[in-house]
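# A look at the structure
Here is how the chains run, residue by residue.
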Amino acid sequence: MTADAFIMRLRTTAAAVVVVAAMLTAAAAQAFDTQAGSAYVLDYNTGTVLLEKNADAPLPPASMSKLMTLYMLFEALRDVDSLTLETRFTVSDRATEMGGSSMFLQTSDRPTIEELIRGIVVQSGNDATVVVAEGLAGSEEAFAQLMNDRAAMLGMSDSHFENASGWPHPDHVMSMRDLGTLAARIIRDFPEGYAYFEEEKFEYDGRVPSNHFNRNPLLGLDIGADGLKTGHTEEAGYGLVGSAVQGGRRVIFVINGLPTREARAAEGQRILNWAFRQFVEKEVVAEGREITEAPVWMGADATVGLVAAESRRMLLPVLAQEQVPGEVVYDAPVSAPVSEGDVLGELILRPEGLPEARVPLVADRDVPEGGFGQRVRTVGTLLLERLGESAGDAL
(Lines give C-alpha, C1' and ligand atoms only; values in the text may rest on other atoms or scores of the structure.)
Protein backbone atom coordinates (compact mmCIF):
# COMPACT_ATOMS: atom_id res chain seq x y z
CA MET A 1 0.00 0.00 0.00
CA THR A 2 1.35 3.46 -0.92
CA ALA A 3 1.30 6.41 1.47
CA ASP A 4 -1.25 8.15 -0.79
CA ALA A 5 -3.53 5.12 -0.65
CA PHE A 6 -3.21 5.04 3.15
CA ILE A 7 -4.27 8.70 3.38
CA MET A 8 -7.31 8.15 1.12
CA ARG A 9 -8.41 5.16 3.20
CA LEU A 10 -8.32 7.20 6.38
CA ARG A 11 -10.19 10.07 4.78
CA THR A 12 -13.03 7.87 3.71
CA THR A 13 -13.36 5.93 6.97
CA ALA A 14 -12.46 8.46 9.68
CA ALA A 15 -13.64 11.80 8.33
CA ALA A 16 -16.62 12.08 10.70
CA VAL A 17 -15.86 11.73 14.40
CA VAL A 18 -18.63 12.05 17.00
CA VAL A 19 -17.33 13.89 20.05
CA VAL A 20 -20.45 15.05 21.92
CA ALA A 21 -23.50 12.91 22.59
CA ALA A 22 -26.91 14.00 23.82
CA MET A 23 -28.36 12.43 26.95
CA LEU A 24 -31.75 14.16 26.84
CA THR A 25 -34.27 14.65 24.06
CA ALA A 26 -35.92 18.04 23.90
CA ALA A 27 -38.84 18.61 21.57
CA ALA A 28 -39.89 21.96 23.00
CA ALA A 29 -39.92 23.65 19.60
CA GLN A 30 -42.45 21.13 18.31
CA ALA A 31 -44.55 21.11 21.49
CA PHE A 32 -46.04 24.55 20.85
CA ASP A 33 -48.74 25.20 18.28
CA THR A 34 -50.15 28.63 17.70
CA GLN A 35 -53.81 29.32 17.09
CA ALA A 36 -52.84 31.76 14.34
CA GLY A 37 -53.33 30.64 10.75
CA SER A 38 -49.76 31.64 9.95
CA ALA A 39 -46.84 32.52 12.20
CA TYR A 40 -43.11 33.11 12.41
CA VAL A 41 -41.12 33.44 15.65
CA LEU A 42 -37.47 34.52 15.72
CA ASP A 43 -34.92 34.79 18.51
CA TYR A 44 -33.26 38.03 17.42
CA ASN A 45 -29.92 37.70 19.24
CA THR A 46 -29.02 34.29 17.82
CA GLY A 47 -31.09 34.33 14.62
CA THR A 48 -32.77 31.08 15.69
CA VAL A 49 -36.19 30.44 14.17
CA LEU A 50 -38.36 29.05 16.97
CA LEU A 51 -41.61 28.52 15.08
CA GLU A 52 -42.80 28.46 11.47
CA LYS A 53 -46.40 27.93 10.43
CA ASN A 54 -47.33 28.76 6.84
CA ALA A 55 -44.47 31.22 7.19
CA ASP A 56 -43.80 31.53 3.46
CA ALA A 57 -47.40 31.86 2.28
CA PRO A 58 -48.03 35.25 0.62
CA LEU A 59 -51.02 36.72 2.45
CA PRO A 60 -52.79 40.09 2.68
CA PRO A 61 -50.72 41.95 5.30
CA ALA A 62 -53.03 44.93 5.74
CA SER A 63 -51.42 47.67 7.84
CA MET A 64 -48.48 45.45 8.79
CA SER A 65 -47.07 46.32 5.35
CA LYS A 66 -46.71 49.91 6.56
CA LEU A 67 -43.46 48.66 8.09
CA MET A 68 -42.00 48.66 4.58
CA THR A 69 -43.07 52.27 4.05
CA LEU A 70 -41.43 53.20 7.34
CA TYR A 71 -38.24 51.32 6.45
CA MET A 72 -38.03 53.23 3.17
CA LEU A 73 -38.59 56.50 5.02
CA PHE A 74 -35.90 55.71 7.60
CA GLU A 75 -33.48 54.92 4.76
CA ALA A 76 -34.29 58.20 3.05
CA LEU A 77 -33.64 60.13 6.28
CA ARG A 78 -30.28 58.41 6.56
CA ASP A 79 -29.19 58.73 2.94
CA VAL A 80 -30.70 61.97 1.59
CA ASP A 81 -29.00 65.07 2.95
CA SER A 82 -31.98 67.33 2.25
CA LEU A 83 -34.32 65.30 4.46
CA THR A 84 -34.58 65.70 8.23
CA LEU A 85 -37.24 64.96 10.81
CA GLU A 86 -38.30 68.60 10.49
CA THR A 87 -38.80 68.44 6.71
CA ARG A 88 -42.43 69.15 5.79
CA PHE A 89 -44.43 67.34 3.10
CA THR A 90 -47.52 68.53 1.26
CA VAL A 91 -50.86 66.73 1.53
CA SER A 92 -52.62 65.86 -1.73
CA ASP A 93 -56.32 65.35 -2.40
CA ARG A 94 -55.55 61.67 -2.90
CA ALA A 95 -54.14 61.42 0.61
CA THR A 96 -57.17 63.08 2.20
CA GLU A 97 -59.52 60.75 0.30
CA MET A 98 -58.01 57.61 1.79
CA GLY A 99 -60.42 55.55 3.85
CA GLY A 100 -59.71 53.42 6.89
CA SER A 101 -57.45 54.49 9.74
CA SER A 102 -56.26 58.06 9.39
CA MET A 103 -54.32 61.03 10.76
CA PHE A 104 -57.23 63.14 9.47
CA LEU A 105 -54.90 65.26 7.37
CA GLN A 106 -56.18 68.14 5.27
CA THR A 107 -54.70 69.62 2.09
CA SER A 108 -53.77 72.75 4.04
CA ASP A 109 -51.59 70.72 6.45
CA ARG A 110 -47.82 70.54 6.14
CA PRO A 111 -46.86 67.72 8.52
CA THR A 112 -43.20 67.11 9.35
CA ILE A 113 -41.60 63.76 8.63
CA GLU A 114 -41.49 63.05 12.36
CA GLU A 115 -45.21 63.72 12.66
CA LEU A 116 -45.85 61.40 9.73
CA ILE A 117 -43.77 58.66 11.33
CA ARG A 118 -45.76 58.95 14.53
CA GLY A 119 -49.00 59.11 12.59
CA ILE A 120 -48.15 55.87 10.78
CA VAL A 121 -46.85 54.01 13.83
CA VAL A 122 -49.45 55.08 16.40
CA GLN A 123 -52.52 55.99 14.35
CA SER A 124 -51.82 53.66 11.41
CA GLY A 125 -52.69 56.57 9.15
CA ASN A 126 -53.35 55.52 5.58
CA ASP A 127 -53.32 59.17 4.57
CA ALA A 128 -49.89 59.59 6.14
CA THR A 129 -48.43 56.76 4.04
CA VAL A 130 -49.67 58.38 0.84
CA VAL A 131 -48.08 61.67 1.88
CA VAL A 132 -44.78 59.87 2.49
CA ALA A 133 -44.98 57.99 -0.82
CA GLU A 134 -45.68 61.14 -2.81
CA GLY A 135 -43.08 63.12 -0.91
CA LEU A 136 -40.34 60.59 -1.59
CA ALA A 137 -41.21 59.27 -5.07
CA GLY A 138 -43.69 61.71 -6.60
CA SER A 139 -46.55 59.22 -6.69
CA GLU A 140 -47.76 56.22 -4.70
CA GLU A 141 -47.38 54.00 -7.78
CA ALA A 142 -43.72 54.95 -8.19
CA PHE A 143 -43.14 54.45 -4.47
CA ALA A 144 -44.72 50.97 -4.58
CA GLN A 145 -42.25 50.00 -7.29
CA LEU A 146 -39.40 51.23 -5.12
CA MET A 147 -40.81 49.15 -2.26
CA ASN A 148 -40.75 46.05 -4.48
CA ASP A 149 -37.20 46.72 -5.61
CA ARG A 150 -35.96 47.23 -2.06
CA ALA A 151 -37.83 44.20 -0.74
CA ALA A 152 -36.09 42.03 -3.33
CA MET A 153 -32.72 43.39 -2.20
CA LEU A 154 -33.60 42.51 1.40
CA GLY A 155 -34.39 38.92 0.43
CA MET A 156 -38.14 39.31 0.92
CA SER A 157 -39.06 36.92 -1.88
CA ASP A 158 -42.71 36.39 -0.92
CA SER A 159 -43.79 40.03 -0.85
CA HIS A 160 -45.34 42.32 -3.44
CA PHE A 161 -46.57 45.86 -2.88
CA GLU A 162 -49.24 47.77 -4.77
CA ASN A 163 -49.52 50.71 -2.37
CA ALA A 164 -47.89 52.31 0.66
CA SER A 165 -50.65 51.66 3.19
CA GLY A 166 -51.58 48.00 2.87
CA TRP A 167 -54.98 48.90 1.45
CA PRO A 168 -56.53 45.63 0.21
CA HIS A 169 -55.45 44.66 -3.31
CA PRO A 170 -55.34 41.12 -4.72
CA ASP A 171 -51.65 41.48 -5.59
CA HIS A 172 -50.55 43.18 -2.36
CA VAL A 173 -49.12 40.36 -0.22
CA MET A 174 -46.41 39.54 2.30
CA SER A 175 -45.32 36.35 4.04
CA MET A 176 -44.86 36.09 7.79
CA ARG A 177 -41.15 35.33 7.28
CA ASP A 178 -40.72 38.47 5.18
CA LEU A 179 -42.44 40.55 7.85
CA GLY A 180 -40.12 39.04 10.47
CA THR A 181 -37.11 39.81 8.29
CA LEU A 182 -38.30 43.39 7.86
CA ALA A 183 -38.90 43.85 11.59
CA ALA A 184 -35.39 42.61 12.38
CA ARG A 185 -33.90 44.99 9.80
CA ILE A 186 -35.74 47.97 11.28
CA ILE A 187 -34.52 47.09 14.78
CA ARG A 188 -30.93 46.59 13.66
CA ASP A 189 -30.58 49.28 10.99
CA PHE A 190 -32.59 52.09 12.58
CA PRO A 191 -32.61 51.87 16.38
CA GLU A 192 -33.46 55.57 16.61
CA GLY A 193 -36.47 55.03 14.34
CA TYR A 194 -37.52 51.91 16.21
CA ALA A 195 -37.96 53.97 19.37
CA TYR A 196 -41.19 55.41 17.91
CA PHE A 197 -42.88 52.01 17.98
CA GLU A 198 -43.37 51.94 21.74
CA GLU A 199 -45.15 55.31 21.75
CA GLU A 200 -48.65 54.65 23.04
CA LYS A 201 -50.39 57.91 22.14
CA PHE A 202 -50.13 60.59 19.44
CA GLU A 203 -52.32 63.56 18.58
CA TYR A 204 -51.52 65.55 15.44
CA ASP A 205 -51.99 69.31 15.72
CA GLY A 206 -54.16 68.96 18.80
CA ARG A 207 -56.69 66.77 17.01
CA VAL A 208 -58.04 63.95 19.16
CA PRO A 209 -59.52 61.29 16.90
CA SER A 210 -60.74 57.98 18.21
CA ASN A 211 -57.57 56.25 16.98
CA HIS A 212 -54.94 58.36 18.74
CA PHE A 213 -53.87 55.36 20.85
CA ASN A 214 -51.43 52.74 19.55
CA ARG A 215 -53.27 49.58 18.48
CA ASN A 216 -50.48 47.27 19.66
CA PRO A 217 -52.19 45.35 22.49
CA LEU A 218 -48.91 44.31 24.16
CA LEU A 219 -47.57 47.77 24.96
CA GLY A 220 -47.88 48.73 28.61
CA LEU A 221 -48.26 45.15 29.86
CA ASP A 222 -44.83 45.11 31.54
CA ILE A 223 -43.63 42.19 29.41
CA GLY A 224 -40.91 44.08 27.52
CA ALA A 225 -42.98 44.70 24.39
CA ASP A 226 -41.78 47.68 22.35
CA GLY A 227 -43.21 47.21 18.83
CA LEU A 228 -44.26 46.90 16.07
CA LYS A 229 -47.52 46.93 14.02
CA THR A 230 -51.01 45.48 13.91
CA GLY A 231 -53.06 44.67 10.83
CA HIS A 232 -56.55 43.53 9.93
CA THR A 233 -58.50 42.65 6.81
CA GLU A 234 -61.71 40.69 6.41
CA GLU A 235 -59.87 38.19 4.24
CA ALA A 236 -56.77 37.64 6.41
CA GLY A 237 -58.15 38.29 9.89
CA TYR A 238 -56.24 39.99 12.69
CA GLY A 239 -52.44 40.08 12.62
CA LEU A 240 -49.54 41.47 14.61
CA VAL A 241 -45.82 41.98 14.13
CA GLY A 242 -44.54 42.10 17.69
CA SER A 243 -41.26 42.26 19.55
CA ALA A 244 -40.21 42.23 23.18
CA VAL A 245 -37.04 42.16 25.28
CA GLN A 246 -36.61 40.18 28.50
CA GLY A 247 -33.33 39.49 30.28
CA GLY A 248 -31.28 40.74 27.35
CA ARG A 249 -33.04 38.48 24.84
CA ARG A 250 -35.23 39.88 22.08
CA VAL A 251 -37.98 37.87 20.41
CA ILE A 252 -39.71 38.92 17.19
CA PHE A 253 -42.97 37.26 16.17
CA VAL A 254 -45.48 37.61 13.36
CA ILE A 255 -48.98 36.17 13.51
CA ASN A 256 -51.96 36.47 11.22
CA GLY A 257 -55.38 34.93 10.77
CA LEU A 258 -56.76 35.45 14.28
CA PRO A 259 -60.57 35.88 14.49
CA THR A 260 -60.72 38.85 16.91
CA ARG A 261 -58.64 41.61 18.47
CA GLU A 262 -58.85 39.78 21.78
CA ALA A 263 -57.54 36.55 20.25
CA ARG A 264 -54.67 38.47 18.66
CA ALA A 265 -53.68 40.01 21.98
CA ALA A 266 -53.92 36.72 23.86
CA GLU A 267 -51.92 34.81 21.25
CA GLY A 268 -49.18 37.44 21.21
CA GLN A 269 -48.74 37.11 24.98
CA ARG A 270 -48.83 33.31 24.78
CA ILE A 271 -46.09 33.22 22.14
CA LEU A 272 -43.84 35.56 24.11
CA ASN A 273 -44.31 33.56 27.32
CA TRP A 274 -43.37 30.36 25.50
CA ALA A 275 -40.41 31.82 23.64
CA PHE A 276 -38.86 33.41 26.73
CA ARG A 277 -39.57 30.59 29.21
CA GLN A 278 -38.83 27.49 27.15
CA PHE A 279 -35.46 28.55 25.71
CA VAL A 280 -32.23 29.90 27.15
CA GLU A 281 -29.25 31.52 25.44
CA LYS A 282 -25.92 30.01 26.51
CA GLU A 283 -22.31 29.88 25.42
CA VAL A 284 -21.80 26.29 24.29
CA VAL A 285 -18.25 26.62 22.96
CA ALA A 286 -15.51 28.98 24.14
CA GLU A 287 -12.89 30.31 21.75
CA GLY A 288 -9.67 28.30 22.06
CA ARG A 289 -11.30 25.28 23.70
CA GLU A 290 -9.75 22.01 22.51
CA ILE A 291 -12.42 19.79 21.03
CA THR A 292 -10.35 16.82 19.87
CA GLU A 293 -6.97 15.80 18.43
CA ALA A 294 -6.23 14.85 14.84
CA PRO A 295 -3.46 12.50 13.68
CA VAL A 296 -0.71 14.16 11.65
CA TRP A 297 0.87 12.48 8.63
CA MET A 298 4.68 12.71 8.46
CA GLY A 299 4.79 15.36 11.19
CA ALA A 300 7.25 16.03 13.99
CA ASP A 301 4.29 15.34 16.35
CA ALA A 302 1.89 12.47 15.96
CA THR A 303 -1.19 14.63 16.65
CA VAL A 304 -2.38 18.23 16.66
CA GLY A 305 -5.13 19.72 18.81
CA LEU A 306 -8.27 21.04 17.13
CA VAL A 307 -9.60 24.08 18.98
CA ALA A 308 -12.66 26.29 18.45
CA ALA A 309 -11.80 29.29 16.29
CA GLU A 310 -14.54 31.37 17.92
CA SER A 311 -16.96 31.37 20.79
CA ARG A 312 -20.50 30.34 20.00
CA ARG A 313 -23.67 31.22 21.86
CA MET A 314 -26.79 29.26 21.02
CA LEU A 315 -30.41 29.15 21.97
CA LEU A 316 -31.19 25.86 23.71
CA PRO A 317 -34.30 24.22 25.13
CA VAL A 318 -34.42 24.81 28.87
CA LEU A 319 -34.85 21.08 29.57
CA ALA A 320 -31.78 20.08 27.54
CA GLN A 321 -29.39 22.98 27.95
CA GLU A 322 -26.58 20.90 29.45
CA GLN A 323 -26.33 18.35 26.63
CA VAL A 324 -25.88 19.33 22.98
CA PRO A 325 -25.55 16.67 20.27
CA GLY A 326 -22.67 17.31 17.91
CA GLU A 327 -19.91 15.91 15.79
CA VAL A 328 -16.47 16.89 14.59
CA VAL A 329 -15.72 16.58 10.89
CA TYR A 330 -12.18 16.71 9.48
CA ASP A 331 -9.95 14.94 6.97
CA ALA A 332 -7.62 12.48 8.69
CA PRO A 333 -4.74 12.38 8.88
CA VAL A 334 -3.69 16.01 8.61
CA SER A 335 -0.66 16.42 6.35
CA ALA A 336 2.42 18.13 7.83
CA PRO A 337 3.49 20.87 7.96
CA VAL A 338 0.66 22.44 10.00
CA SER A 339 0.60 26.08 11.08
CA GLU A 340 -1.15 27.31 14.22
CA GLY A 341 -4.55 28.67 13.24
CA ASP A 342 -4.97 26.55 10.09
CA VAL A 343 -8.64 25.61 9.62
CA LEU A 344 -8.68 21.81 9.71
CA GLY A 345 -12.33 20.94 10.36
CA GLU A 346 -15.55 22.03 12.01
CA LEU A 347 -17.71 21.27 14.99
CA ILE A 348 -21.38 20.79 14.06
CA LEU A 349 -23.80 21.34 16.95
CA ARG A 350 -27.34 20.02 16.58
CA PRO A 351 -29.64 20.93 19.48
CA GLU A 352 -32.87 18.98 19.33
CA GLY A 353 -35.64 20.77 17.45
CA LEU A 354 -33.49 23.81 16.62
CA PRO A 355 -31.20 24.78 13.71
CA GLU A 356 -27.65 23.45 13.75
CA ALA A 357 -24.58 25.66 14.24
CA ARG A 358 -21.09 25.20 12.79
CA VAL A 359 -17.86 26.30 14.47
CA PRO A 360 -14.53 26.22 12.57
CA LEU A 361 -11.80 24.14 14.20
CA VAL A 362 -8.17 25.28 13.90
CA ALA A 363 -4.77 23.86 14.77
CA ASP A 364 -3.64 24.76 18.28
CA ARG A 365 0.07 24.86 17.38
CA ASP A 366 2.64 24.49 14.62
CA VAL A 367 3.56 20.94 13.61
CA PRO A 368 6.54 20.94 11.23
CA GLU A 369 7.41 18.06 8.94
CA GLY A 370 9.17 15.21 10.70
CA GLY A 371 12.85 14.51 10.15
CA PHE A 372 14.32 11.57 8.27
CA GLY A 373 14.04 9.23 11.25
CA GLN A 374 10.37 10.08 11.71
CA ARG A 375 9.64 9.38 8.04
CA VAL A 376 11.42 6.00 8.22
CA ARG A 377 9.45 5.01 11.34
CA THR A 378 6.14 6.03 9.69
CA VAL A 379 6.86 4.01 6.54
CA GLY A 380 8.00 1.06 8.66
CA THR A 381 4.78 1.16 10.65
CA LEU A 382 2.75 1.17 7.46
CA LEU A 383 4.67 -1.78 6.07
CA LEU A 384 4.17 -3.77 9.26
CA GLU A 385 0.45 -3.00 9.23
CA ARG A 386 0.22 -4.06 5.61
CA LEU A 387 2.10 -7.31 6.27
CA GLY A 388 -0.23 -8.06 9.15
CA GLU A 389 -3.27 -7.47 6.93
CA SER A 390 -1.81 -9.72 4.23
CA ALA A 391 -1.17 -12.50 6.74
CA GLY A 392 -4.71 -12.23 7.99
CA ASP A 393 -6.08 -12.43 4.44
CA ALA A 394 -3.99 -15.59 3.80
CA LEU A 395 -5.50 -17.32 6.82
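Preceding block: the structure.
First, a word on what this report is: a plain description of the structure on this page. Small disclaimer: the values here were computed from a predicted structure and weren't measured.

Broken down by element type, the protein carries 11 helices and 14 strands. Burial analysis of the protein (395 residues in total) assigns 50% to the buried set. Residue pairs in contact within the protein that sit at least 24 positions apart in sequence constitute 65% of those at least 6 positions apart.

Okay, the pairing of strand β3 (residues 48-53) next. Note that strand β2 (residues 38-43) and β3 share five bridges and pair antiparallel. From the neighbouring strand, V41 faces β3, where its bridge partner is L51. What sits between β2 and β3 in their antiparallel hairpin is a turn of four residues, with G47 showing a positive phi close to 75°.

Let us now look at the environment of S108. Assignment of secondary structure puts S108 in the loop between α4 (93-96) and α5 (113-121). Residues S108 and V91, spaced 17 residues apart in sequence, show a C-alpha to C-alpha distance of 7.1 Å.

Further remarks concern the packing of aromatic side chains. Enumeration according to the criterion identifies five aromatic pairs in this entry. Ring geometry for Y71 against F190: centres 5.3 Å apart, planes inclined by 75°, an arrangement best described as edge-to-face. Of the two residues, Y71 is situated in helix α3 (residues 66-79) and F190 in the loop between α8 (176-189) and α9 (191-194); the sequence distance between them amounts to 119 residues. Its relative accessible area of 0% is what places Y71 among the buried residues. Exposure remark for F190: the relative accessible area of 1% places this residue in the buried category. Each member of the aromatic cluster is reached from another via a ring pair, and the members are F32, W274 and F279.

The next subject is the nonpolar core. Residues L67, M68, L182 and F197 are the most contacted members of the largest nonpolar core, which totals 56 residues. In terms of residue count, α3 provides more of this core than any other element does, eight residues in total.

Turning next to α5. Within the span of α5, buried status applies to I113, L116, I117, G119, I120 and V121. The inward-facing, buried residues of α5 contact α3, α6 (126-137) and β4 (225-233).

All right, on to the layout of surface pockets then. Roughly 350 Å³ of volume is contained in the largest pocket. Lining the largest pocket are 20 residues, and of these S63, S101, R215, G231 and H232 sit closest to its centre. The set of elements that each furnish at least two residues to the lining of the largest pocket consists of β4 and α10 (261-277). Looking at the lining of the largest pocket, the element that brings in the most residues is β4, giving five residues. Grouping the amino acids of the lining of the largest pocket by side-chain chemistry returns four nonpolar, 11 polar and five charged.

Basis of the calculations
- Residues numbered from 1 in each chain as written.
- Predicted model: local features only at pLDDT ≥ 70, side-chain atom pairs only at ≥ 80, totals over all residues.
- Heavy atoms only, no water.
- Helix = DSSP H or I, 4+ residues; strand = E, 2+ residues; numbered from the N terminus.
- Buried < 20%, exposed > 50% of the residue type's maximum accessible area, 1.4 Å probe, protein only.
- Contact = heavy atoms within 4.5 Å.
- Pairing = 2+ DSSP bridges.
- Phe/Tyr/Trp six-rings, centres within 6.5 Å; stacked < 30°, edge-to-face > 60°.
- Core = buried A, V, L, I, M, F, W, Y, C linked by side-chain atoms within 4.5 Å.
- 1 Å grid on protein atoms, 1.4 Å probe; cavity = no way out; pocket = protein on both sides within 12 Å on 5 of 7 lines; lining within 4 Å.
- Points joined across faces, edges and corners; volume = space filled by probe spheres on them.
- Nonpolar A, V, L, I, M, F, W, Y, C, P; charged D, E, K, R; others polar.

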